[in-house]
Amino acid sequence: MKRDNSALIVEDSPILGPMIADMLEILGHDTTIVEGEQEAIANIRDREFSLLICDIKLGEGGSGLAVAAEARKRQPEARVIVVSGNDEPPDLPGGVSYLAKPFTLKQLGLVVGMG
């Protein structure tokens, strides 16, 4: 299956979502930003993405880990990365990477596999 450089960003912060999008666009990705768990899962079901970056804690009790698990199930070829302000990564679903916030463009590029 041919994959493009589309990235889905799931981030409920109106500042961090666009910042991550800017970084990914520098790395050559086309980005879509959504804020919540249900909107993210709907996007994962409707479109293919080569990359998903998701905050672990989402507004209204949303779970970034649930989004990551759904992405791994529905789009196993996609790169899935969860981000959090915690230094200690949680137990992650198989095939999911972790990146602690704040991160630099170089750190993001390395985790995405483009740095």
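Before reading further, recall that the structure is shown in the block above.
In this report, we go over the structure that sits alongside the text. (Residues numbered from 1 in each chain as written. Predicted model: local features only at pLDDT ≥ 70, side-chain atom pairs only at ≥ 80, totals over all residues. Heavy atoms only, no water.)

### Observations concerning the nonpolar core
- With 18 residues, the main nonpolar core has Leu8, Val10, Leu52, Cys54, Val67, Val80 and Val82 as its most contacted residues.
- The set of elements that each furnish at least two residues to this core consists of strand S1 (6-10), helix H2 (37-46), strand S3 (51-55), helix H3 (64-74), strand S6 (79-84) and strand S7 (96-100).
- Ignoring sequence-local partners within four residues, the contact set of Val80 consists of Leu52, Ala68, Ala71, Arg72, Gly95, Val96 and Ser97.
- Among the nonpolar cores identified, the runner-up in size contains 16 residues, and Ala7, Ile20, Leu51 and Ile81 belong to it. (Core = buried A, V, L, I, M, F, W, Y, C linked by side-chain atoms within 4.5 Å. Buried < 20%, exposed > 50% of the residue type's maximum accessible area, 1.4 Å probe, protein only. Helix = DSSP H or I, 4+ residues; strand = E, 2+ residues; numbered from the N terminus. Contact = heavy atoms within 4.5 Å.)

### Some details on the pairing of S6
- Burial within S6 is extensive, with five of its six residues counted as buried.
- Bridge analysis of S3 against S6 gives five bridges, and the strand direction is parallel. Its bridge partner lying in S6, Leu51 is registered against Arg79.
- Judged from the five bridges that link them, S6 and S7 form a sheet pairing that is parallel. Following the sheet pairing, Ser84 is matched in S7 by Ala100. (Pairing = 2+ DSSP bridges.)

Shape is all these values report; function is a separate question.
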